[in-house]
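# Architecture at a glance
The residues making up each chain are set out below.
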Amino acid sequence: MLSQDEKYMREAIRQAKKAEKLMEVPIGCIIVYEGQIIARGYNRRNTDKNTLSHAELNAIRKASKKLGDWRLEGCTMYVTLEPCQMCAGALVQSRIDKVVIGCMNGKAGCAGSVLNLLQMEGFNHQVEIVQGVLEQECSSMLSCFFKELRELKKQQKLMKSFSRKDADEKEDADVKEDTDEKRNYG
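Residues numbered from 1 in each chain as written. Predicted model: local features only at pLDDT ≥ 70, side-chain atom pairs only at ≥ 80, totals over all residues. Heavy atoms only, no water.

### Side note on the sheet that holds strand β4 (residues 98-103)
One open sheet accounts for five strands, arranged β2-β1-β3-β4-β5; its pairing is mixed. The open sheet has two free edges, formed respectively by β2 (36-42) and β5 (128-131), since each of these has just one partner strand. Between one strand and the next, the sheet's axes are offset by a mean angle of 20°, whatever the strand orientation. Sheet topology places strand β1 (residues 28-33) next to β2; six bridges connect them, and they run antiparallel. Bridging from a neighbouring strand, I31 pairs with A39 of β2. The strands touched by helix α1 (residues 4-21) are β1, β2, β3 (75-81), β4 and β5; relative to β1, the strand with the most contacts, the crossing angle is about 140°. Its contacts with the sheet put helix α3 (residues 55-67) on β1, β2 and β3, and the angle it makes with β2 is roughly 145°. (Pairing = 2+ DSSP bridges. Helix = DSSP H or I, 4+ residues; strand = E, 2+ residues; numbered from the N terminus. Axes fitted to C-alpha atoms, helices over the stretch in contact; angles between N-to-C directions. Contact = heavy atoms within 4.5 Å.)

### Things to note about the nonpolar core
Counting residues in each nonpolar core, the largest one holds 47 residues, and the members touching the most others are M9, I31, M77, V99 and L118. Where this core is concerned, the elements lending two or more residues are α1, β1, β2, α3, β3, α4 (85-94), β4 and α5 (135-185). (Core = buried A, V, L, I, M, F, W, Y, C linked by side-chain atoms within 4.5 Å. Buried < 20%, exposed > 50% of the residue type's maximum accessible area, 1.4 Å probe, protein only.)

### So, the packing of aromatic side chains
Applying the stated rule across the entire model yields two aromatic pairs. Pairing Y8 with Y78 gives two aromatic rings, centres 5.2 Å apart and planes at 45°, and the pair type is tilted. Here Y8 is found in helix α1, whereas its partner Y78 is found in strand β3, with 70 residues between them in sequence. The class of Y78 is buried, set by a relative accessible area of 4%. Judged by centre distance (5.3 Å) and plane angle (80°), the rings of F145 and F146 are edge-to-face. F145 sits in the buried class, given a relative accessible area of 4%. (Phe/Tyr/Trp six-rings, centres within 6.5 Å; stacked < 30°, edge-to-face > 60°.)

### Observations regarding α1
Counted at 1.5 Å a residue, the expected span for α1 with its 18 residues is 26 Å, and the 26 Å between its end C-alpha atoms agrees. Taken as a whole, α1 has its buried residues at D5, Y8, M9, E11, A12, I13, Q15, A16 and A19. The first or second residue beyond α1 is M23, which carries a positive phi of 65°. (Expected span 1.5 Å × (residues − 1).)

### Digging into the pattern of salt bridges
In this structure the tally under the stated criterion is six salt bridges. E11 serves as the salt-bridge partner of R40, at 3.0 Å between the closest nitrogen and oxygen. Here E11 lies in helix α1 and R40 lies in strand β2, a separation of 29 residues in the sequence. The partner of R71 in a salt bridge is D69, with the nearest N and O atoms 3.5 Å apart. D69 gets classed as partly exposed once you look at its relative accessible area, which sits at 29%. (Salt bridge = Lys/Arg side-chain N within 4 Å of Asp/Glu carboxyl O.)

### Some words on unusual backbone geometry
The phi torsion of most residues other than glycine is negative, and most of the peptide bonds are trans. A positive phi is found at M23, a non-glycine position, where the angle reads about 65°. Within the secondary structure, M23 sits in the loop between α1 and β1. Classification of M23 by relative accessible area gives partly exposed; the value is 45%. Phi angles above zero are rare outside glycine, and R95 is one such case at about 65°. Of note, R95 is situated in the loop between α4 and β4. Overall, R95 belongs to the buried group, its relative accessible area being 16%.

What follows is the structure, encoded as structure tokens:
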């Protein structure tokens, strides 16, 4: 039987899959208040052409609207990937009580990997952290996405080189045809 954290993380994974369908990095999250999901978000940076369109920020915006307050005290966020510095800052600023993380991000995570902005003593609010809920599933989803993205880029590069080769061959044929025409009519 799934724990409550696993149940909610599965919903965050569903949000991440929405991002993946848009060819976005598959990161998803939800915000829970008093046992109810009040907001969902997924990564839309490329789609929206907006640096700020991270899953966490999209969900925080919706939760604030739903509760009618910028303070999200009593809320828990479930997110498939450890928040970056921008999102960790937003978690602190919004006063979210707790964040449950699927997998950590050793390159940009700010809930303990690179930094821990969520629990800095100097800030006026600290966020409780739970790590590793459905970690393998969250990590695999990201790994598969980036592997497929690398393959796609490799194919595009290959197609571009074939297109260039075809264009060069066509140009060579056109030059030969022009030369032949000059000989015949020249």
